[in-house]
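# Coordinates in review
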Amino acid sequence: MTKIAHHIPDEMLAAYAAGRLPATFEMIVAAHVSMCDACRAALETHEMLGGTLMETAAPAAPLEGDLLERTLAQLDAPVEADGAARTPPARMGIYPGPVAEALHHGPPRWRAAGGGVRQQILAEDGKSSVRLLYIPGGQAVPDHGHGGTELTMVLQGAFHDETGHFGPGDVEVADESLEHTPIADAGAACICLAATDARLRFRSLLPRLAQPFLRI
Amino acid sequence: MLAVRDNRDRAAFARLFAHFAPRVKGMLMRSGMGAAAAEDVVQDVMLAVWHKAHQFDPARAQVSGWVYRIARNRQVDLARKAGRPLPEEVETETPPEADPGAILGLAQEAGELRAALARLTPDQREVISRAYLGDLTHGEIREETGLPLGTIKSRIRLGLERLRHELKDLRRE
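Residues numbered from 1 in each chain as written. Chains lettered and ligands numbered in written order. Predicted model: local features only at pLDDT ≥ 70, side-chain atom pairs only at ≥ 80, totals over all residues. Heavy atoms only, no water.

- The name given to chain B in an unreviewed UniProt entry is ECF RNA polymerase sigma factor RpoE, and the organism recorded there is Pseudooceanicola marinus.
- The UniProt entry for chain B carries this comment under Sequence similarities (unreviewed entry): "Belongs to the sigma-70 factor family. ECF subfamily." (UniProt positions renumbered as here; feature names shortened; annotations may be inferred.)

- Chain A is annotated in an unreviewed UniProt entry as Anti-sigma-E factor ChrR from Pseudooceanicola marinus.

Here's what the structure looks like:
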């Protein structure tokens, strides 16, 4: 596999760790972290900071009644398949675990999206969406700008645009300031996971708090 | 934690519970959850700590960070129709092979992180705490405190500068 060069912005990793990343972008973060050890380490660093703050800064709330006894009584009960101890899904071919789960562990059902491009929408909610894109080799995706924020992660093949070259695992972060024409590399089709939220402005949404911790 | 992982020690689990359950509950309530709902999640989280203990690797995580992750994943899971997308797990030995050097290194870094946090002003610590313990965005912070966004940004920046300074030794690694 080629080396991943374009990563999830650290603010988004911090927001994912803290549970305050918009749902639209969670799958991209989870998919990228599945493939990228550097971002996994950064995410775990944010979790370490969160855990430290939970231990030292959060006011502890006294428990009511017999929660410990009730919990101890359940230690031997079978583990719920979708509970807090569930096992994250495994990779399926080119699809990282969280994408495989959204596909219900079957192949995508592609629909024509114009210009030879095909897509499958995985989740949609008003002006936000998560979808898989299939771009034939050598094909350009029409020049487009962005209202809000769009994250695109390559799963197979590669594309390039005015800002750089993106291969498997790479994530492009686009906002309203970017007008670009992504072109799939010649050869195998480029398959991407794309998440868009037209209402969000990435720069103003996420606090830039955590940079000092990025390279611990 | 290691007694829970390696010996399935229930007394050790009860001690872990006594330490973390009120803290997880406090964090969940801080992000806006009611007391009863928070206790249900605390129970889920502590049961998951018991069941996932074989995966805990002290060379990669402090117990608090590991519990924090399980709690956040559970909290978000419950808020999403389809559950929270989670990263694949790294395949490791179970339980992970002990690496005393790495375990000590991580514990030292965690200690320095705690010390750096302790040296922040209360205002700075509050801003960082909100980002990791509440679920407030910039806009919401502004609403709640009545401060203009610029003030918040500069506070965050001050907090960052201070942290960056404090963490310089840590980052030189």
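What follows continues from the structure just given.
### As for the overall build of chain A
- Each helix and strand in chain A was counted, giving seven helices and nine strands.
- Residues classed as buried in chain A amount to 54% of the 216 residues present.
- Once local pairs closer than 6 in sequence are excluded, the contacts in chain A between residues at least 24 apart make up 66%.
- Carbon and sulfur atoms make up 53% of the accessible area of chain A, which totals about 9,200 Å². (Helix = DSSP H or I, 4+ residues; strand = E, 2+ residues; numbered from the N terminus. Buried < 20%, exposed > 50% of the residue type's maximum accessible area, 1.4 Å probe, protein only. Contact = heavy atoms within 4.5 Å. Areas by Shrake-Rupley, 256 points an atom, 1.4 Å probe, with all protein chains shown as cover.)

### What to know about the UniProt feature "domain: RNA polymerase sigma-70 region" (unreviewed entry) in chain B
- Per the UniProt record, "domain: RNA polymerase sigma-70 region" (unreviewed entry) is found at residues 16–84 and 116–165 of chain B.
- Here residues 16–84 of chain B is 71% helix and 0% strand, with 26 Å between the C-alpha atoms at its ends.

### Quick word on unusual backbone geometry
- Of note in the backbone geometry, A:His104 takes a positive phi value of approximately 55 degrees without being a glycine.
- As for its placement among the helices and strands, A:His104 is situated in the loop between helix 5 (97–102) and strand 1 (111–112).
- One non-glycine residue, B:Arg8, lies in positive phi territory at about 50 degrees.
- Tracing the backbone shows B:Arg8 in the loop between helix 1 (2–7) and helix 2 (10–30).

### Quick word on the interface of chain B and chain A
- On the side of chain A, 70 residues touch chain B, which itself brings 72 residues to the contact.
- Across the chain B to chain A interface the summed buried area is about 6,500 Å²; carbon plus sulfur atoms make up 63%.
- When the area that chain B buries against chain A is broken down by residue, the three leading residues are B:Pro85, B:Glu88 and B:Tyr132, summing to 12%.
- The partner of B:Arg69 in a salt bridge is A:Glu47, and the shortest N-O contact between them spans 2.9 Å.
- Of all the secondary structure elements, the ones that give two or more residues to the side of chain B that touches chain A are helix 2, helix 3 (35–51), helix 4 (63–79), helix 5 (100–118), helix 6 (122–133), helix 8 (149–166) and helix 9 (168–171) of chain B.
- With 15 residues, helix 2 of chain B is the largest single contributor of residues to the side of chain B that touches chain A.
- Tallied by class, residues from the side of chain B that touches chain A come to 38 nonpolar, 13 polar and 21 charged. (Buried area = accessible area lost by both parts, 1.4 Å probe. Salt bridge = Lys/Arg side-chain N within 4 Å of Asp/Glu carboxyl O. Nonpolar A, V, L, I, M, F, W, Y, C, P; charged D, E, K, R; others polar.)

### Re the domain arrangement of chain B
Residues and elements named next belong to chain B.
- Segmentation of chain B into domains returns domain 1 (2–82) and domain 2 (100–166).
- In this complex, domain 1 contributes 10 residues to the contact, which on the side of domain 2 involves 13 residues.
- For the pair domain 1 and domain 2, the summed buried area comes to about 890 Å², and 53% of that belongs to carbon and sulfur atoms.
- Ranking the residues of domain 1 by area buried against domain 2 places Arg30, Ala59 and Gln62 at the top, with a combined share of 54%.
- Linking domain 1 with domain 2 are one salt bridge.
- Glu126 is paired through a salt bridge with Arg30; the nearest N and O atoms lie 3.2 Å apart.
- Linking domain 1 with domain 2 are five residue pairs in polar contact (both at pLDDT 80 or more), by the criterion used here.
- Breaking the side of domain 1 that touches domain 2 down by element, the ones donating at least two residues are helix 2 and helix 4.
- Residues that form the side of domain 1 that touches domain 2 fall into these classes: five nonpolar, two polar and three charged. (Domains from an automatic or database assignment. Polar contact = N/O pair within 3.5 Å; in protein donor to acceptor, adjacent residues only side chain to side chain.)

### Comments concerning the sheet that holds strand 2 (residues 118–125) of chain A
Residue and element names in this part refer to chain A.
- Spatially, six strands are ordered 1-2-3-9-4-7 in an open sheet, and the strand pairing comes out antiparallel. If you trace the sheet from one side to the other, it starts and ends with strand 1 and strand 7 (171–174), each paired once.
- As paired elements, strand 3 (residues 128–135) and strand 9 (residues 190–197) share eight bridges and run antiparallel to each other. Bridging across to strand 9, Val130 finds its partner in Ala195. (Pairing = 2+ DSSP bridges.)

### A word on the confidence of the model for chain B
All names here are of chain B.
- Per-residue confidence for chain B averages 78 on the pLDDT scale, and 76% of its residues sit at or above 70.
- The low-confidence segment residues 138–157, where pLDDT is below 50, has 27 contacts with residues more than four positions distant or belonging to other chains.
- Note that pLDDT drops below 50 for residues 169–173; the model gives that stretch 10 contacts with residues more than four away or on any other chain.
- Interface scoring of the predicted complex returns ipTM 0.88; its pTM is 0.85. (pLDDT = per-residue confidence, 0-100.)

### Examining the sheet that holds strand 8 (residues 183–184) of chain A
Residues and elements named next belong to chain A.
- Read across the open sheet, the three strands follow the order 6-5-8; overall the sheet is antiparallel. One side of each edge strand has no neighbouring strand; the edge strands of this open sheet are strand 6 (164–166) and strand 8.
- Where strand 5 (residues 159–161) lies against strand 6, three bridges are found, and the strand directions are antiparallel. From the neighbouring strand, His160 faces strand 6, where its bridge partner is His165.

### Some details on the nonpolar core
- One finds A:Met54 and B:Tyr132 to be the most contacted residues of the largest nonpolar core, which totals 48 residues.
- Secondary structure elements with two or more residues in this core: helix 3 (37–56) of chain A together with helix 2, helix 3, helix 4, helix 5 and helix 6 of chain B.
- Filtering out sequence-adjacent residues up to four positions away, A:Met54 remains in contact with B:Phe20, B:Arg23, B:Val24, B:Met27, B:Ser64, B:Val67, B:Tyr68 and B:Leu133.
- Among the nonpolar cores identified, the runner-up in size contains 34 residues, and A:Leu13, A:Leu122, A:Val130 and A:Leu155 belong to it. (Core = buried A, V, L, I, M, F, W, Y, C linked by side-chain atoms within 4.5 Å.)

### Focus: the packing of aromatic side chains
- On inspection of all chains with the given rule, the structure shows five aromatic pairs over all chains.
- For the ring pair A:Phe159 and A:Phe166, a centre distance of 5.0 Å and an interplane angle of 20 degrees mean the geometry is stacked.
- Both rings, one in B:Phe13 and one in B:Trp50, keep their centres 5.5 Å apart while their planes meet at 75 degrees; by these two values the pair is edge-to-face. Placement of the pair is B:Phe13 in helix 2 and B:Trp50 in helix 3, with a sequence separation of 37 residues.
- On the basis of relative accessibility, which here comes to 4%, the residue B:Trp50 falls in the buried class.
- One aromatic cluster in this structure is built from B:Phe13, B:Phe17 and B:Trp50.
- Seen from the ring of A:Tyr134, A:Arg118 lies directly overhead, with NZ or CZ sitting 4.0 Å from the centre.
- Directly above the aromatic system of B:Trp50 lies the positively charged group of B:Arg8, at a separation of 4.0 Å from the ring centroid. (Phe/Tyr/Trp six-rings, centres within 6.5 Å; stacked < 30°, edge-to-face > 60°. Lys NZ or Arg CZ within 6 Å of the ring centre and 35° of its normal.)

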